[in-house]
Amino acid sequence: MFSFVRRRMYTSALPLIIVLLGVFLLARLTGDPTNLYLPESATPEQREAFAAKNGFDQTLLTQMADYLKGVLHLDFGTSMRTGESASAMALRAFPATLQLAVTTMLLAIVLAVIIGCWAAYRPNSLADRLSSLLSMTAASIPDFWFAITGVWLFAVLLGWLPTSGVDSGLSWILPIATLMIRPLGVLTQVVRGAMVSALSAPYVRLARSKGASDFRVVTHHALRNAAAPALTVAGDLAVGLINGAVVVEAIFGWPGIGKLMIDAILQRDFAVLQAAVLLTAVSIFALNIIIDACYALLDARVREPAQV
Amino acid sequence: MSPAVRTTRRRQVLAAALAGITVAATGCTVANSRHGGYDVNTLRIVLQEEPPTLEPCESSLTSTGVVVRSNITEPLVERDPKSGDLQPLLSTGWRQTAPTEWTFDIRKGVTFSNGAPFTAQDAAFSIDRAVNSDLQCNVDGYVFGDEKLKVAAPNDTTVTVRTEKPDPILPLRISFVEIVPRTTSTTAKVREPIGTGPYAIDDWEYGQKLRLKRNDTYWGKKPAFARAEYQWRSEGSVRAAMVVNDEADIGTLLGPEDGAGELGVAFPNNETTALRITGAEAPLNDIRVRQAINYAVNRTGIVKALFRGMGEPAAQLIPEGVVGHNSNLQLWPHDPEKAKQLVDEARAAGVPVDKQIRLIGRTAQFPKITETVEVIQNELTEIGLNVKIEMMDTAGQLQYQLRPFPDNSGPFIALIMHGNQAGDAAFSVEQYMRTDGAQNGYGTATFDRTIDAAGELTGQQRQDAYAKLFADEPNEVAQFAYIAHMNGVLAKSARVDYQPNSATGDEMRLADMTFASADRTDKQ
């Protein structure tokens, strides 16, 4: 297992370097930040001084070399907007996003497994059709609309939940519900489909003929084999959650890394953007390795290279 | 237990542990941030964005100034937003002691929130730091331009400020300089300043909340609320919902459709929207085309239909209450036929009126901006111009708002929104109407001389000169097609008494907020 993880880490290194260079170059294509940071009537001398202070007077290659040198020393530079260390800002924001994403994903998986198994156990029943309808609806709802509607319905009209913020446990409900609705819809459909196939497989019939209970058949035999496709989709959705909680963070005032990245893009705060993207990329690669490791645990063929 | 079962169990335990550790390892950053319930002595304000810094010399930036100015730090003099008059604050009096020199008397008995006494040396230091240092303070560029000042404190209660040439509105400019102790860094900006204001910074949880506490050593009247707490939400509807849901007392920068309902309060916010026509290239270098654009814009219809009546159709760059405003100016008539006629005349004279014109707007700059741009594009297309909309983010749009403009920009019109915080037309015309102004799109040398002459006058002569200038500009230059003097909307909880004014968007004074009469129990 250790060698498997090590192999995956090696293969992740190249994409990480591409991300590192890509974000550096793309950020600089978005334009000159001088107008955002200097007074409107800044003199040419002030503009030159600003460029020199932030290294913008150097060639792109020199800037990139300085940046990479800094990364190797874990120095990601300083925010032009706040004057704070860029890595400190990214590291402060990241746990909030991760906490939200992990909680959302765990809940989505548990609920999707329960609903998907329930629907697959009696295909074409009312329960199956209802869960299909609801899961397809959930997978199609725009998160922005759901969030704003949720605020007005549950916070303003009913007064059950706070509108936003991170002040209490209740504050988590709307952001998690908003983030979860699409993954839950998609995963439920995947689990249902995989379970329908698994429950009609010969090994399930064999288990039943040997007297295994329905619960054991579903949980120990069918679900285990249906888990692989669900895990694949869950991995993709989890990556999307880490990367794409921007809307939820912006609407609910969640102090996460998505909001930090958007602010950094709008403010052309290159150092913060680079630190945030790199941290997100590293976490996504780590997540992929974890998912692959889970695969390997489920299937020995993945764990060891094929023997010829 | 068989080895296979043991392995399965181990895997299940491993998976469960992994999930648990992941949740725990993400830290309790968010959960730990709770601070209990609602405290009646705390004024809860929700802003659109977190202040990037509270550096006092950056207080001309709206997101910084709205928190810092007159709350944490104070200037020597302040402008009354209603009357426009200057009022004493940390200076008790000021006078012109020479053509290029002003003297300010310093208030005695004032201390900074850290206990240090405030003296003339602190005032001189603060002006010097904001204007003459290498900090590249925004207030320096916005208020003082390239001007350098010689500042001195001959004794503990007097500050003298010398200018290179006579400056009749120097005290007004000085009202933008927030005073800090002379121990403040001159080589780096500070994020959390010390000041003499009615509040001091208590705690700033970056990304989440900023808390202020009442400055117990404050020299003036004790503010009603013991504490203030700022949060920020980018969505206007969420800010409104927070006030409606009693999670905040004040919600700023709302649109008419954000849902504040009866808690919404509209107020004139000193901002004026306009099309700034860059006249360097054809077809916009022809005054007939620029005037045709003015005839085409239905500003009354835009204010009524899009802004829901929240604003006034505009005939000039500054609103009423600003020195230089011309109250006799009539709205440019909406006359599409006349506009077509002018475009046809220009076409007949060889002006390439079919050349594509870029209409550049800034996303989310004000409510309904997208619809406004679309309406204007349609109006200009109907008179025979070829207009393409380009919506940009702030950084992108600023490239076309501030000189030097990008190379090969082509003919373009920028939709701008200008706020004159200072109350004097000089701050608008020098930026927008002088040919070398940072935000000028077109001008003439003759008009520049008129601007310079107006700037040297004082009193009624100054008012009349600027008023004439605004009357002449459409005929001599026609750089602008004004749209509206805008209104702001904020949501206000019923438990707070506060009347927003034209300065509220830039300087929201917490000391002006009190408990509503029905809620006036002893909260101290």
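No experiment lies behind these values; they were computed from the predicted model shown.

Thresholds applied
Residues numbered from 1 in each chain as written. Chains lettered and ligands numbered in written order. Predicted model: local features only at pLDDT ≥ 70, side-chain atom pairs only at ≥ 80, totals over all residues. Heavy atoms only, no water. Helix = DSSP H or I, 4+ residues; strand = E, 2+ residues; numbered from the N terminus. Buried < 20%, exposed > 50% of the residue type's maximum accessible area, 1.4 Å probe, protein only. Contact = heavy atoms within 4.5 Å. Areas by Shrake-Rupley, 256 points an atom, 1.4 Å probe, with all protein chains shown as cover. Lys, Arg positive; Asp, Glu negative; His and termini not counted. Charge placed at Lys NZ, Arg CZ, Asp CG, Glu CD. Salt bridge = Lys/Arg side-chain N within 4 Å of Asp/Glu carboxyl O. Disulfide = S-S within 2.5 Å. Buried area = accessible area lost by both parts, 1.4 Å probe. Polar contact = N/O pair within 3.5 Å; in protein donor to acceptor, adjacent residues only side chain to side chain. Pairing = 2+ DSSP bridges. Axes fitted to C-alpha atoms, helices over the stretch in contact; angles between N-to-C directions. Patch = residues over 30% accessible without salt bridge, like charges linked within 9 Å, V, L, I, M, F, W, Y side chains within 5 Å. pLDDT = per-residue confidence, 0-100. Phe/Tyr/Trp six-rings, centres within 6.5 Å; stacked < 30°, edge-to-face > 60°. Lys NZ or Arg CZ within 6 Å of the ring centre and 35° of its normal.

Draft legend 1. Molecular detail of the overall build of chain A. Within chain A, the regular secondary structure consists of 14 helices and zero strands. Traced from its N-terminal end to its C-terminal end, chain A shows the element sequence α-α-α-α-α-α-α-α-α-α-α-α-α-α. Counting over 308 residues, chain A shows a buried share of 47%. A separation of at least 24 residues holds for 74% of the contacts in chain A among residues at least 6 apart in sequence. Counting every atom, chain A has about 15,100 Å² of accessible surface; 69% of that belongs to carbon and sulfur. Distance from the positive charge centre (22 side chains) to the negative charge centre (19 side chains) of chain A: 17 Å.

Draft legend 2. Structural detail: the pattern of salt bridges. Residues and elements named next belong to chain B. A full pass over the atoms with the stated rule returns 39 salt bridges over all chains. Of the charged contacts, one joins Glu78 and Arg509 as a salt bridge, the two residues approaching to 3.0 Å between their closest N and O atoms. Taken together, the residues Glu78 in strand E2 (residues 77-79) and Arg509 in the loop between strand E18 (496-497) and strand E19 (514-515) connect sequence positions 431 residues apart. This pair shows no difference in class: Glu78 is buried, exactly as Arg509 is. One salt bridge connects Glu371 with Lys368, and the closest N-O pair in it is separated by 4.0 Å. The exposure class assigned to Glu371 is partly exposed, which follows from its relative accessible area of 32%.

Draft legend 3. Geometry of the state of the cysteines. Residue and element names in this part refer to chain B. For the structure on display, the rule yields one disulfide over all chains. Each sulfur of the disulfide joining Cys57 and Cys137 lies 2.1 Å from the other. Here Cys57 and Cys137 share a disulfide; its torsion about the S-S bond, -75°, makes the bridge left-handed. Of this pair, Cys57 sits in the loop between strand E1 (42-47) and helix H2 (62-68) while Cys137 sits in the loop between helix H3 (120-132) and helix H4 (138-144), and the two are 80 residues apart along the sequence. Assessed through its relative accessible area of 4%, Cys57 is described here as buried. The exposure class assigned to Cys137 is buried, which follows from its relative accessible area of 1%.

Draft legend 4. Here's a closer look at the interface of chain B and chain A. With 54 residues of chain B in contact, the opposing surface of chain A contributes 51 residues. Taken together, both faces of the contact between chain B and chain A bury some 4,300 Å²; the carbon and sulfur share is 55%. Linking chain B with chain A are four salt bridges. The closest approach of N and O atoms between B:Asp393 and A:Arg268, which form a salt bridge, is 2.9 Å. Remark: the boundary between chain B and chain A carries nine residue pairs in polar contact (both at pLDDT 80 or more).

Draft legend 5. Quick look at the sheet that holds strand E4 (residues 91-98) of chain B. Residue and element names in this part refer to chain B. The four strands are arranged E4-E5-E7-E6 in an open sheet whose pairing can be described as antiparallel. Strand pairing shows two members of the sheet lacking a second neighbour, E4 and strand E6 (150-155), which therefore form its edges. The mean inter-strand angle of the sheet, taken between neighbouring strand axes irrespective of direction, is 20°. Relative to strand E7 (residues 158-162), strand E5 (residues 101-106) runs antiparallel, the two being bridged by five bridges. Its bridge partner being in E7, Trp102 is matched across the sheet by Val161. Where H3 meets the sheet, its contacts fall on E5, E6 and E7, and the angle it forms with E6 comes to roughly 175°.

Draft legend 6. Expanded view of a nonpolar patch on the surface. Taken together, the side chains of A:Leu153, A:Leu157, A:Leu158 and A:Trp160 present a nonpolar region at the surface, about 440 Å² in accessible area. You can see A:Trp160 is positioned in the loop between helix H7 (143-157) and helix H8 (173-199).

Draft legend 7. Region of interest: the confidence of the model for chain B. All names here are of chain B. Taken over all residues, the pLDDT of chain B has a mean of 89, while the share at 70 or more is 91%. Residue range residues 1-8 is modelled with pLDDT below 50. Its contacts to residues more than four positions away, or to other chains, number three contacts. Overall, residues 21-36 carries pLDDT values under 50, and its contacts beyond four positions in sequence, including any with other chains, amount to 26 contacts. Our summary of model confidence lists the complex with pTM equal to 0.82 and ipTM equal to 0.79.

Draft legend 8. The arrangement of unusual backbone geometry in detail. All names here are of chain B. With an omega of 5°, the peptide bond running from Ala282 to Pro283 counts as cis. When you line up the elements, Pro283 lands in the loop between strand E12 (264-277) and helix H7 (287-296). Note that the residue after Arg403, namely Pro404, is joined by a cis bond; omega there is -5°. Within the fold, Pro404 resides in the loop between helix H11 (394-401) and strand E16 (412-419). Phi at Ser70 is positive, roughly 60°, even though this residue is not glycine. Its location among the elements puts Ser70 in the loop between H2 and E2. Residue Ser70 is classed as buried on the basis of its relative accessible area, which comes to 9%. Positive phi outside glycine occurs at Asn270, with the angle close to 70°.

Draft legend 9. Seen up close, the side chain of B:Asp448. Residues and elements named next belong to chain B. With respect to the helices and strands, the residue Asp448 is situated in helix H13 (residues 445-455). No salt bridge is formed by the buried Asp448; the nearest opposite charge belongs to Arg434, separated by 4.5 Å. Apart from residues lying up to four places away in sequence, Asp448 is in contact with Met433, Arg434 and Thr435.

Draft legend 10. Seen up close, the pairing of E12(B). Residue and element names in this part refer to chain B. Here E12 lies mainly inside the structure; eleven of its 14 residues are buried. Looking at chain direction, E12 and strand E17 (residues 480-492) are connected through ten bridges and run antiparallel. Across the sheet, the residue bridging to Leu275 is Ala481, located in E17.

Draft legend 11. A look at the packing of aromatic side chains. Applying the stated criterion to the full structure yields 17 aromatic pairs over all chains. Measuring from ring centre to ring centre gives 6.2 Å for A:Phe50 and A:Phe56, while their planes differ by 50°; the resulting arrangement is tilted. On the basis of relative accessibility, which here comes to 6%, the residue A:Phe50 falls in the buried class. On the accessibility criterion, A:Phe56 (22% relative accessible area) is partly exposed. With centroids separated by 5.4 Å and ring planes inclined at 80°, the aromatic side chains of B:Tyr295 and B:Trp332 adopt a geometry described as edge-to-face. One end of the pair, B:Tyr295, is in helix H7; the other, B:Trp332, is in the loop between strand E13 (311-313) and helix H9 (336-348), with 37 residues separating them in the sequence. Ring pairs connect the aromatic residues A:Tyr37, A:Phe50, A:Phe56 and A:Phe270, which therefore count as one cluster. Here the basic side chain of B:Arg191 rests over the ring of B:Trp204, its NZ or CZ set 4.6 Å away from the ring centre.

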